Amino acid sequence: MNSPLESIRLVSLVIFCVTLFILGERWVDQYGKKDVPPASSRIESTVSDVPTSTSIVAGKETPRAATPVATAPQQIVPVSAGGEVVVLQTDVMKVHVSTVGGDIQRVELLDQKDTLDPTKNFVLLETGGKRTYLAQSGLLGEGLPTHKSVFAAMTGERTLQEGKDELILELSQGTAGSGPSVLKTFRLRRGSHVIDVGFRVEGAPSSLKPAAYFQLVRDDTAPEGDSRWVPTYNGVAVYTEKEKYQKVTFSDIAKGKASHVKTANDGWIAMVQHYFVSAWLPKASEGREFFTRSLENGLYAAGVIVPTTSSAQGEWSVDVPLYVGPQEQKKLEQLAPGLQYTVDYGWLTVIATPLFWALSSIYKLFVQNWGVAIIVLTVIIKALFFPLSAASYKSMAKMRVLAPKLQKLKEQFGDDRQKLHQAMMEMYKTEKINPLGGCLPIVVQIPVFIALYWVLLGSVEMRHAPFALWIKDLSSPDPFYILPIIMGISMIVQTRLNPEPPDPIQAKVMKIMPVAFSIFFFFFPAGLVLYWVVNNVLSIAQQWYITRKLEKAGIAARKR
């Protein structure tokens, strides 16, 4: 039977091996080659399907057969067949809207810098190059326009002027007296990443009760510059008050295994990636139907169908906001319930949320530097956990003192594992040592430090945030690998403070681990490495102090 000490070391070895395996799989996933169709062919595939029509009233749906949409031939044209692109610009966004379908084909965030080239602005939605990511919307009902149909752009301002807080684009189709006429509007506001998309239908038959769909279409390509070693979620998210936050992966959609709420009176649907999100946000207490679909050429659609409301005989309208921007938690929380959960901390959200509040409070109130805020918060957490850490380090220090005696026992009993185990238990009893006493305090702290890890990984506030000297971006790897090397040295010091394993193979593994983890951390964001370095240095100081104190006490006791 293995001793408790050997069991602890075995667990450490298993964790190390599993970590290697997971990181290796992540490397293959990120670097594996994919055949990516040209952008033009991927855009064509988005016109192949229109969501199925349903009647949605107060959250209850009565399915009906899908009606032919936009039956007039002149209204059905492929995206590539014509139209123009209207460019709208506010102080924070530059939005490209096509008159074919009113698709939002490109959104450039003027207040966010590109991941790889900070001299450029970050582009979230786009339909060029190797990526396809756009927002589409249309109406469901006979003779009504979909995202396949051509609109005419009405004249008006295209750039938000000084002294004005709103910019509106109007697209029209049809004329009064010759069937339904539709006005599609895009409303942008100063300082906001929200685009209000609306439809106004006039002259519709009294029997027609149109619905509207709003969808996001994109490929499953990981965002450019995304970390290859630190996995972050890239996929669909659905939220309702009843079912809460649900993630739907692209692979599940492709396999037809997507599981999420389908109908509700509240909630939203979004495409989520590291640091950024785009989300359709229907108004509260309106019935809605959520859908996800796999399209051709590796594209995926996620959207919502909502009913229009009647303002007069033959007049129908609907408005749904679209958020396209960074995952700034306070702003997201104000826009819609649960939208802040797109900053995904997983099952540790209950711990991570107050940690982020503490980190941002330290930044705003005291230091004005995210790197310094990380250091301060890590010190505070270590101080709060000092009693637990002290208990753990005392147990480890006592085990270190006993290491020579344990080695002698092993030499004495050789391969007789049962007698060796009995002798070790007697020694622990005599010395009043619990060999597992150092584990529980560490286990209690693990959720907190993992939660802090995810806070640092997921906070867009860290993006392009400088620290000091050569660290110009806490969200990017250290360009000179200085922090990972310091972290490796700190791990070596920690290893030497612990009792050396009696097994030669385990001893070699413990010596290799600091080097291996240092190499992994070459690819980690500098903010995460800074956190680990500070945590390790504080742990070393605590462990050294407690170990020295116990060793001196042991020497004094032997002299008496």
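Reading guide: rules and limits
Residues numbered from 1 in each chain as written. Predicted model: local features only at pLDDT ≥ 70, side-chain atom pairs only at ≥ 80, totals over all residues. Heavy atoms only, no water. Axes fitted to C-alpha atoms, helices over the stretch in contact; angles between N-to-C directions. Helix = DSSP H or I, 4+ residues; strand = E, 2+ residues; numbered from the N terminus. Parallel < 35°, antiparallel > 145°, perpendicular 65-115°, else oblique. Left-handed = near helix turned anticlockwise from the far one by under 90°. Contact = heavy atoms within 4.5 Å. Nonpolar A, V, L, I, M, F, W, Y, C, P; charged D, E, K, R; others polar. Buried < 20%, exposed > 50% of the residue type's maximum accessible area, 1.4 Å probe, protein only. Polar contact = N/O pair within 3.5 Å; in protein donor to acceptor, adjacent residues only side chain to side chain. Expected span 1.5 Å × (residues − 1). Arc of directions from axis to C-beta. Phe/Tyr/Trp six-rings, centres within 6.5 Å; stacked < 30°, edge-to-face > 60°. Lys NZ or Arg CZ within 6 Å of the ring centre and 35° of its normal. pLDDT = per-residue confidence, 0-100. Salt bridge = Lys/Arg side-chain N within 4 Å of Asp/Glu carboxyl O.

One way to put it is that helix α5 (residues 349-367) packs onto helix α6 (residues 370-384) with a least axis distance of 9 Å and a crossing angle of 125°. The angle between the axes of α5 and α6 places the two elements in the oblique class. The interaxial crossing formed by α5 with α6 has right-handed handedness. Between α5 and α6, the residues in contact are L355, A358, L359, S360, I362, Y363 and V367 and W370, V372, A373, I374, V376, L377, I380 and I381, respectively. Looking at the contact of α5 with α6 residue by residue, the class counts come to 14 nonpolar, 1 polar and no charged.

For T119, the location among the structural elements is in the loop between β5 (104-113) and β6 (121-125). Taking the relative accessible area as the measure of exposure, T119 reaches 68% and is therefore exposed. Within the structure, the side chain of T119 is placed 2.5 Å from the side chain of D117, a separation counted as a polar contact.

As a further point, take α5. Helix length check: α5 (19 residues) gives 25 Å between terminal C-alpha atoms against 27 Å at 1.5 Å per residue, within 8%. If you check which residues of α5 are buried, you get A352, L355, F356, A358, L359, S360, S361 and I362. Once α5 ends, the next one or two residues include Q368, with phi positive near 55°.

If you check α6, its first and last C-alpha atoms are 21 Å apart, about what 15 residues at 1.5 Å a residue would give, namely 21 Å. Residues W370, G371, A373, I374, L377, T378, I381 and K382 constitute the buried set of α6. All buried residues of α6 fall inside an arc of 165° around its axis, so they share one side. The opening residue of α6 is N369, an N-cap whose side-chain oxygen sits 2.8 Å from the backbone nitrogen of G371.

The subject of this paragraph is the packing of aromatic side chains. Summed over the entire model, instances satisfying the criterion amount to 13 aromatic pairs. Relative to W268, the ring of Y245 has its centre 6.3 Å away and its plane inclined at 55°; by these criteria the two rings are tilted. Of the two residues, Y245 sits in strand β14 (residues 244-248) while W268 sits in strand β16 (residues 268-273), which places them 23 residues apart along the sequence. Overall, the relative accessible area of 2% leaves W268 in the buried class. Clustering of aromatic rings is evident, with ring pairs tying together Y239, Y245, W268 and Y341. In this structure, R218 packs its charged tip against the face of Y133, placed 4.8 Å from the ring centre. The positively charged end of K247 is found above the aromatic ring belonging to Y233, 4.8 Å away from the centroid.

Bringing the confidence of the model for the chain into the picture now. Per-chain confidence: the chain averages 80 in pLDDT, with 79% of residues scoring 70 or above. Counted against residues more than four places away or in other chains, residues 1-15, with its pLDDT under 50, gives 27 contacts. Contacts for the low-pLDDT stretch residues 53-81, under 50 throughout, to residues beyond four places or in other chains number 64 contacts.

Our focus in this paragraph is the pattern of salt bridges. Per the stated rule, a full pass over the model turns up 10 salt bridges. A salt bridge links D319 to R200; the shortest N-O distance between them is 3.0 Å. Linking D319 in strand β21 (residues 315-326) with R200 in strand β11 (residues 194-202), this pair joins segments that are 119 residues apart in sequence. For R200, a relative accessible area of 31% corresponds to the partly exposed category. Across the salt bridge formed by K247 and D344, the nearest N and O atoms sit 2.6 Å from each other. Residue K247 is located in strand β14, and its partner D344 is located in the loop between α4 (329-335) and α5; the two are separated by 97 residues in the primary sequence.

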